[in-house]
Protein chains: 2
Amino acid sequence: MAMEGLWLFSVALSAAGAIGFICIILVLRWVLYFRKGLAWDGGAAEFNWHPVLIVTGFIFLQGIAIIVYRLPWTWQCSKKMMKFIHAALNLVAFIFAVISMVAVFDFHNAANIPNMYSLHSWLGLTAVILYCLQLVLGVGIYLIPATPVSWRAAFMPLHVYSGLLLFTSVIAVALMGITEKLIFALDNPKYKDSPPEAILVNALGVLLVLFGALILWIATRASWKRPKDQILHTLHSNGGGEDNIKVDSASSQLSDGADAEAFYTGQRNS
Amino acid sequence: MAMEGLWLFSVALSAAGAIGFICIILVLRWVLYFRKGLAWDGGAAEFNWHPVLIVTGFIFLQGIAIIVYRLPWTWQCSKKMMKFIHAALNLVAFIFAVISMVAVFDFHNAANIPNMYSLHSWLGLTAVILYCLQLVLGVGIYLIPATPVSWRAAFMPLHVYSGLLLFTSVIAVALMGITEKLIFALDNPKYKDSPPEAILVNALGVLLVLFGALILWIATRASWKRPKDQILHTLHSNGGGEDNIKVDSASSQLSDGADAEAFYTGQRNS
């Protein structure tokens, strides 16, 4: 089934993918070249897992998880399978976030730095806890067959809003983390002297914002929504007569409230 | 005309108003009690205008400007008047942002601190420039009568998306600013020792996120959208027969693409 505005979608998706990939390269360049690499020894190299895992998992993978329903070449797959992929990507992102937090606590404890004093830490821990809640509720409501359809539909607006808000918040928290780390870590020259490391990591921050903006754009265009499964089925089996689409679309709403995954999406002026 | 879910809307609006008001109190408490008050002398008291003007103008006023079309007691007012109020609030927010930036540059120059080295400054200046562009394009497209209706409709998705993204970005930049300022300004005790000032300003940051989350929730509920003017007119003059609504709704789209201001809003599963 062809997607409306496929060319623009492809551009946006390619840009998001490329920028996300560059972010991962930049964060690796940061810790491997400018900082003390990666290790699990309670020192600075253990801390470095924090930005690496947040960028690769909690930002990049979460972003991909958000738009996974939008990819037109997956519209042949069952909705159930796509839900599992969406949940699995979010689960991996969550695991990355938890390990990245353990790395910071280990580093702080070894260096006698207090935990949880900064706004970055307050908002970051809150985001991880709410993300866990979102995962548990999402699995309970959309993947357990016994959950009533009415609950799925009723919860969908909140699920989509929370998902996009959490994704946005995680990027904001990462920007605060970058700010903190550059101020603390750069000494001679300092952050204010704009050494190459500062420029590289500032650029990483700008690209994280661009990645987030593209994911939010892709996720909120109504014309890029995955068609309802019943419409796909109708089109494939009946040739897609308009009356059939209407009937099947209505029955789809009754049979699976989870099809409303795009509650938060933009809509044309109609 | 009654709003669907008016009770929940009232709760969300009251919460946003109260939290926004508390944010303004907290930022004033911060600069007046913990920092050197407010003045325009090139020193720390001039810098203090920066957080005060950003919180009151670039965050609180911008937030109100975003949801001004949602207030049901304004639905009796003409759309044109509401557009002027929306534009005026955004203009005041922009002026506050510009003055707040001048305060920082003055302070930096007087203290020989380099300008524009931090990620906070890069993203903050970008947000102000894009906000200016959004204002100019918004006025040109939606307030100048000569602009073709087709342009208004075509630009609306981008206008709404950009508006919400800029609002979100400004809050993220403010959180980075809070982080920077607390690290630089707190010395004995330091930020990591969690003195009362750190707790107060961290709480301000948390409340700014809550304010933003509430504004985004209010702005993206389809059921809280302002009805099209022609529907209001029809309901008032004809008693609101269904056929009339349909006809007038269609003519509304043709006559004023700007009615699509809520492109980005959430939609029910339909």
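Everything numeric here is computed off the predicted structure, so don't read it as measured data.

What counts and what doesn't
Residues numbered from 1 in each chain as written. Chains lettered and ligands numbered in written order. Predicted model: local features only at pLDDT ≥ 70, side-chain atom pairs only at ≥ 80, totals over all residues. Heavy atoms only, no water. Helix = DSSP H or I, 4+ residues; strand = E, 2+ residues; numbered from the N terminus. Buried < 20%, exposed > 50% of the residue type's maximum accessible area, 1.4 Å probe, protein only. Contact = heavy atoms within 4.5 Å. UniProt positions renumbered as here; feature names shortened; annotations may be inferred. Phe/Tyr/Trp six-rings, centres within 6.5 Å; stacked < 30°, edge-to-face > 60°. Salt bridge = Lys/Arg side-chain N within 4 Å of Asp/Glu carboxyl O. Lys, Arg positive; Asp, Glu negative; His and termini not counted.

With that out of the way, let us pick up the side chain of B:Gln62. Residue and element names in this part refer to chain B. Considering the arrangement of structural elements, one finds glutamine 62 in helix H3 (residues 49-67). Since its relative accessible area comes to 1%, glutamine 62 is described here as buried. Those residues in contact with glutamine 62 that sit more than four places away from it in its chain are Gly57, Asn90, Ala93, Tyr131, Gly163, Leu166, Phe167 and Val170.

All names here are of chain A. Here the UniProt feature "transmembrane region" (unreviewed entry) sits at residues 7-32, 52-72, 84-105, 125-146, 158-178 and 198-219. Structurally, residues 52-72 is divided into 76% helix and 0% strand, and its ends, taken at the C-alpha atoms, are 30 Å apart. Secondary structure content for residues 125-146 is 82% helix and 0% strand, and the end C-alpha separation is 32 Å.

In the structure shown here, the tally under the stated rule is 20 aromatic pairs over all chains. Taking 5.7 Å as the distance between ring centres and 25° as the angle between the ring planes, the aromatic pair formed by A:Phe60 and A:Phe211 counts as stacked. Taken as a pair, A:Phe60 in helix H3 (residues 49-67) and A:Phe211 in helix H7 (residues 196-219) lie far apart in primary sequence, 151 residues in all. The class of A:Phe60 is buried, set by a relative accessible area of 19%. Classification of A:Phe211 as buried rests on a relative accessible area of 1%. Each ring, one from A:Trp217 and one from B:Tyr161, has its centre 4.8 Å from the other, and the planes form 80°; the classification is edge-to-face.

Let us now look at the pattern of salt bridges. Under the criterion given, the structure shown has four salt bridges over all chains. When the shortest N-O distance is used, the salt bridge between A:Lys190 and A:Asp187 registers 3.6 Å.

All names here are of chain B. Within the secondary structure, lysine 181 sits in helix H6 (residues 149-185). Although buried, lysine 181 forms no salt bridge, and the nearest oppositely charged side chain, glutamate 197, lies 7.8 Å from it. Lysine 181 has contacts with Trp30, Phe47 and Leu186, leaving out every residue within four places of it along the chain.

Residues and elements named next belong to chain A. In this structure, proline 189 follows asparagine 188 across a cis peptide bond, with omega equal to 5°. In this fold, proline 189 is placed in the loop between helix H6 (149-185) and H7. For methionine 116, which is not glycine, the phi dihedral falls at a positive 60°. With respect to the element layout, methionine 116 can be found in the loop between helix H4 (79-111) and helix H5 (119-142).

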